[in-house]
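Coordinate inspection notes
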Amino acid sequence: MKNRLKVLRAECDWTQADLAEKLEVSRQTVNAIETGKYDPSLPLAFKISRLFDQPIEQIFEDGAETNS
Amino acid sequence: MNNKNAKTKDWYTRKNRLIYRLAYWSGAYVATMAVANFGPRLLWDYNQLLTIGAIILNLLAGIGMILVNIQHLNVLDELMKKIQLEVMGLSLGVAIVAGLSYSLLDTTNFIPFDAEIAHLVILVGLVYLTSIAVNLRRYR
């Protein structure tokens, strides 16, 4: 699943460690989400959505929907 | 905001504290195992009361280690839980499959020595360490 997490993080001038701390996850988890290696759970996606004050669908892009 | 920061710090502090506690209990388990294993021969000349006491102490340390490990797993974030799940699944699978095959080799006299459980523990430990390293690299 593609996402705009890296862009949003950069806009806030946060490091991966900063974002990880705010989301209460490890820096590795933030990196894995940004690079698309790991899709976050719904609760974590909502947490990200609340943190950046944007709807989930504006942060995460459903690859299957885009392809169809 | 301060409340949120404090909560976040709490999570990191709790996680780190549990890592230290897990290391402490693992160390206690290994130490009591060494005492229970070598004590009868080297320290108390096979006194049964001391031997059973050392074994019970080792068992209690093992139970403590398991409980702290569960707490540690519960405090991990979701990716780390996923990694641990995959690694533990692999380790358990190897323990059962390799352990039973090893036992069969022993009972059918294909190997000239007794199948020791210590060999299995070493194998599972190596599988666990290797697969943790591979999985951490995969998601890096």
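Predicted model, so just to flag it, every value in this text is computed and none were measured.

Within chain A, the secondary structure is distributed over 6 helices and 2 strands. Overall, chain A shows an N-to-C arrangement of helices and strands of β-α-α-α-α-α-β-α. Viewed in the frame of its principal axes, chain A has a C-alpha envelope of about 35 × 25 × 20 Å. Counting every position in chain A, which comprises 68 residues, the buried fraction comes to 21%. Taking as baseline every contact in chain A between residues at least 6 positions apart, the subset at least 24 positions apart corresponds to 52%.

This part is about the domain arrangement of chain B. Taken domain by domain, chain B holds domain 1 (1–75) and domain 2 (76–140). Computed over C-alpha atoms, the centres of domain 1 of chain B and domain 2 of chain B are 21 Å apart.

Turning our eyes to something else, we now look at the interface of chain B and chain A. If you look at the interface, chain B gives 8 residues, while chain A gives 13 residues. Taken together, the elements giving at least two residues each to the side of chain B that touches chain A come down to helix 1 (2–42) and helix 3 (78–107) of chain B. Element by element, the count of residues in the side of chain B that touches chain A is highest for helix 3 of chain B, at 3 residues. In terms of residue class, the side of chain B that touches chain A is built from 4 nonpolar, 1 polar and 3 charged.

For any two helices packed against each other, the geometry is given by the interaxial angle and the distance between the axes. Residue and element names in this part refer to chain B. Running from N to C, helix 3 and helix 4 (residues 117–138) cross one another at 150°; their axes reach a closest spacing of 9 Å. Here helix 4 runs roughly antiparallel to helix 3, going by the angle between their axes. Crossing geometry of helix 3 relative to helix 4 is assigned as right-handed. Across the interface between the two elements, Ile 83, Glu 86, Val 87, Leu 90, Ser 91, Val 94, Ala 95, Ala 98, Gly 99 and Tyr 102 from helix 3 touch Leu 120, Leu 123, Val 124, Val 127, Tyr 128, Ser 131, Ile 132, Asn 135 and Leu 136 from helix 4. Here the contact of helix 3 with helix 4 is built from residues that sort into 14 nonpolar, 4 polar and 1 charged.

A few words now on the environment of Leu 73 of chain B. All names here are of chain B. Within the fold, Leu 73 resides in helix 2 (residues 48–75). Linking Leu 73 and Leu 18, residues 55 residues apart in sequence, is a C-alpha distance of 9.3 Å. Leu 73 has contacts with Lys 81 and Gln 84, leaving out every residue within four places of it along the chain.

Take the nonpolar core next. Judged by nonpolar contacts, Leu 5, Leu 19, Ala 20, Val 25, Val 30, Ala 32, Ile 33, Tyr 38 and Ile 48 of chain A together with Leu 79, Ile 83 and Val 87 of chain B together constitute the single largest core of 12 residues. Sorting the residues of this core by element identifies helix 2 (16–23) and helix 3 (27–34) of chain A together with helix 3 of chain B as the ones contributing at least two each. In contact with Ala 32 of chain A, not counting residues within four places along its chain, are Lys 37 and Tyr 38 of chain A together with Leu 79 and Tyr 139 of chain B.

Averaged over chain B, the pLDDT score is 92; the fraction of residues at 70 or greater is 94%. Interface confidence for the predicted complex, expressed as ipTM, amounts to 0.84; the pTM equals 0.83.

Calculation criteria
Throughout this description, residue numbers start from 1 for each chain and increase along the sequence as written. Each chain is given a letter, starting from A, and each ligand a number, starting from 1, according to the order in which they appear as written. Under the rules for a predicted model, residues below a pLDDT of 70 receive no local features and side-chain atom pairs below 80 are neither given nor counted, while totals for whole chains, interfaces and linings still include all residues. A run of DSSP states H or I qualifies as a helix once it reaches four residues; a run of E qualifies as a strand once it reaches two. Both are numbered from the N-terminal end. For the exposure call, what matters is how many other C-beta atoms sit within 10 Å of a residue's own: 20 or more marks it buried, 12 or fewer exposed, and in between partly exposed, using C-beta atoms placed from the backbone. Throughout, a residue-residue contact means that the two C-beta atoms, derived from backbone geometry, are no farther apart than 7 Å. Segmentation of the chain into domains, including their bounds, is taken from an automatic or database domain assignment. Any residue outside Ala, Val, Leu, Ile, Met, Phe, Trp, Tyr, Cys, Pro, Asp, Glu, Lys and Arg is labelled polar, Gly included; the first ten of those are nonpolar and the last four are charged. Axes here mean lines fitted to C-alpha atoms, for a helix over just the part in contact, with angles spanning 0 to 180 degrees between N-to-C directions. What sets the label is the angle itself: under 35 degrees gives roughly parallel, over 145 gives roughly antiparallel, 65 to 115 gives roughly perpendicular, and the rest give oblique. The crossing is said to be left-handed when, going from far helix to near helix, the turn is anticlockwise and less than a right angle, and right-handed when the turn is clockwise. To form a nonpolar core, buried Ala, Val, Leu, Ile, Met, Phe, Trp, Tyr and Cys residues must be joined through C-beta atoms within 7 Å. Confidence of the predictor at the level of single residues is captured by pLDDT, which takes values from 0 to 100.

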